[in-house]
Amino acid sequence: MATIGDVAREAGVSRSTVSSVLTGRKFVAPETRARIEAAIAKLEYSVNAGARALATAKTMTYGVVVRFHEAEFSPALATYLIALSDAAREQGYAVVLLTEHDGAAAVQRAIAGRQVDGFILLNVLDGDPRLDPISRSGYPAVLVGMPEDTRGIDAVDLDFAAAATMLVDHLVDSGCREAVFVRWPDELYASGSTYATRFERAAHRRAAERGLRLVHLPVPVGPEQVRSTLRAALQNPDNPRTLLIHNDAAVAMLPFVLHDLGLAVPGDLGVVSLHSAELARLYVLSYTAVESEPTAVVQAAVEMLGKRIASPDAPAQKRLVVPRLDRKGSVGA
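Residues numbered from 1 in each chain as written. Predicted model: local features only at pLDDT ≥ 70, side-chain atom pairs only at ≥ 80, totals over all residues. Heavy atoms only, no water.

## What about unusual backbone geometry?
When glycine is set aside, most residues are seen to have a negative phi, and most peptide bonds are trans. Formally: Numbering goes from the N terminus for both helices and strands, where a helix is a DSSP run of H or I of at least four residues and a strand is a run of E of at least two. Buried, partly exposed and exposed residues are distinguished by accessible area as a fraction of the type maximum, computed with a 1.4 Å probe on protein chains only: under 20%, between the cut-offs, and over 50%, respectively.
Going from V265 to P266, the amide bond is cis rather than trans, its omega being 5°. Its identity is not glycine, yet N123 carries a phi of approximately 55°, on the positive side. Checked against the element boundaries, N123 lands in the loop between β3 (118-121) and α7 (131-137). Overall, N123 belongs to the buried group, its relative accessible area being 14%.

## Description of the packing of aromatic side chains
The test is simple: A pair of aromatic rings is counted whenever rings of Phe, Tyr or Trp (Trp by its six-membered ring) have centres within 6.5 Å, and the orientation is called stacked for planes under 30 degrees apart, edge-to-face for over 60 and tilted otherwise.
Inspection of every chain in the model, using the stated rule, returns five aromatic pairs. Pairing F119 with Y139 gives two aromatic rings, centres 5.5 Å apart and planes at 50°, and the pair type is tilted. Here F119 is found in strand β3, whereas its partner Y139 is found in the loop between α7 and β4 (141-144), with 20 residues between them in sequence. For the pair W184 and Y195, a centre-to-centre distance of 6.0 Å together with 80° between the ring planes defines the contact as edge-to-face. In this pair, W184 sits in the loop between β6 (178-183) and α9 (186-190) while Y195 sits in helix α10 (residues 194-210), placing the two residues eleven residues apart along the sequence. Taking the relative accessible area as the measure of exposure, W184 reaches 2% and is therefore buried. Members of the aromatic cluster, connected to one another through ring pairs, are F160, W184 and Y195.

## Observations regarding the sheet that holds β3
As a reminder of what qualifies: Strands are treated as partners if at least two bridges between them are detected by DSSP. Axes, fitted as lines to C-alpha atoms, cover a helix only where it is in contact. Angles between the N-to-C directions of the axes lie from 0 to 180 degrees. When checking whether two residues touch, look at their non-hydrogen atoms; a contact exists if any pair is within 4.5 Å.
Pairing is parallel across the open sheet formed by six strands, whose spatial order is β2-β1-β3-β4-β5-β11. Edge positions in the sheet fall to β2 (94-98) and β11 (318-321), since each has one partner strand and no second. On average, each strand axis in the sheet is inclined to that of its neighbour by 20°, with strand direction left out of account. Direction of pairing for strand β1 (residues 61-65) relative to β3: parallel, over a ladder of four bridges. Within the sheet, the bridge partner assigned to V65 lies in β3 and is L121. Set on the sheet, helix α5 (residues 74-90) makes contact with β1, β2 and β3; between it and β2 the angle comes to about 145°. Along the sheet, helix α6 (residues 103-112) contacts β1, β2 and β3; its crossing angle with β3, the most-contacted strand, is approximately 165°.

## Notes on the confidence of the model for the chain
The test is simple: Known as pLDDT, the predictor's per-residue confidence is scaled from 0 to 100.
Taken as a whole, the chain shows an average pLDDT of 90; of its residues, 95% reach a score of 70 or greater. A low-confidence stretch, residues 49-55 (pLDDT under 50), is modelled with seven contacts involving residues beyond four sequence positions or located in other chains.

## Focus on helix α1 (residues 4-11)
Spelled out, the test is: Note that the arc is computed from the directions linking the helix axis to the C-beta atoms.
For α1, the complete set of buried residues consists of I4, G5, V7, A8 and A11. Angular distribution of buried residues about the axis of α1 spans 160°; they occupy a single face of the element. Downstream of α1 by a residue or two, G12 has a phi angle that is positive, lying close to 70°.

## Notes on empty space enclosed by the protein
Heads up, the condition is: A 1.4 Å probe that fits but cannot get out identifies a cavity on a 1 Å grid over protein atoms alone, an open set with protein on both sides within 12 Å along at least five of seven lines counts as a pocket, and a residue lines either if it has an atom within 4 Å of a point. Grid points are joined across faces, edges and corners, and a volume is the space filled by probe spheres set on the points. Residues are sorted three ways: Asp, Glu, Lys and Arg are charged, Ala, Val, Leu, Ile, Met, Phe, Trp, Tyr, Cys and Pro are nonpolar, and all the rest, Gly among them, are polar.
What the rule picks out here adds up to one cavity of 30 Å³ or more. For the largest cavity, the calculated volume is near 360 Å³. Lining the largest cavity we find 22 residues, and of these A76, Y80, N123, Y195 and D248 sit closest to its centre. Looking at the lining of the largest cavity, the elements that each hand over two or more residues are α5, α10 and β9 (270-275). No other element matches α5, which puts three residues into the lining of the largest cavity. A per-class count over the lining of the largest cavity returns twelve nonpolar, seven polar and three charged.

## Digging into helix α14 (residues 294-310)
Stated precisely, the cut-off is as follows: The span you would expect from a helix comes to 1.5 Å times its residue count less one.
For α14, spanning 17 residues, the distance from its first C-alpha to its last is 24 Å, which sits close to the expected 24 Å at 1.5 Å a residue. For α14, every residue scored as buried is listed here: P294, V297, V298, A300, A301, V302, M304, L305, G306, R308 and I309.

## Remarks on the layout of surface pockets
Empty space among the atoms can be located by rolling a probe the size of a water molecule over them. Taken as a whole, the largest pocket encloses approximately 360 Å³ of empty space. What lines the largest pocket is a set of 15 residues, and nearest its centre among them are R33, Q91, Q299, V302 and E303. Elements supplying a minimum of two residues to the lining of the largest pocket: α3 (30-43), α5 and α14. With five residues, the top contributor of residues to the lining of the largest pocket is α14. Within the lining of the largest pocket, the residues separate by chemical class into five nonpolar, four polar and six charged. By volume, the second largest pocket is sized at about 310 Å³. If you go around the second largest pocket, you meet 19 residues; those closest to its centre are R67, F68, H69, H101 and L125.

Shown next as structure tokens:
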């Protein structure tokens, strides 16, 4: 059975560097980390997690605090959870989901019992009450979301404002002068959902700058409600024939609605969206879109949390993942 010393010799590094990769206590350069991970795979080295936890006084567990709004689309959230679990496992960590309705109380209990080594918070809101116990205690945590006030907690997210700007610019540059803004239900914006509000504000700001008229269409997430709402909008002759979509349920159901109505993209309708590549694969979407980058976002979150645990007094960090536009020719010239 391979030992940590065998891994160190294979990778050409010290035992302490291998240990740093396994525990996440110290930052290791990506090239060095890659060599160590390759050595671990080649030698089929496995860590005794129980022994390591005793030696380091760590649980080797991250608490993932999920606040799921009924107006959101659960398959999209699942993409983040799977990617997060994978990223944590690469650091030698397990994850435990904290899904109680009273998220602040769940976080407080986990802190009091030292049940996890740190937290990753999903679906972060402006004024999110889950931040209070973390801010008071200084417990290691990373927000996946970018509220106006991060309360001194590390935060990472896709740059939703840049994504909205990209999509509006693409529409205008393609000759569009008006579009239906297919958005989340109003209650999601009212809740302070940071990804929804940041996208919406930037879309309106850029549309005003570029002379693009936006017609709001809030769409609920229930499958039948989505289909009926989209069908009615597309059958309304007064609506623009281009859609700017920031609603995962709507973009997932759109191909079915187009089939129902006998409409083609881009011949009858122009479409741009923000959604993940995984959602595109599941629902066979072929629209020009900004990739929501769930894997890049959660990998950054896990990396930041490892650094925070290793350096608890370091200044808080904010990181925005740069969006990219994948052109599929779904907007007519």
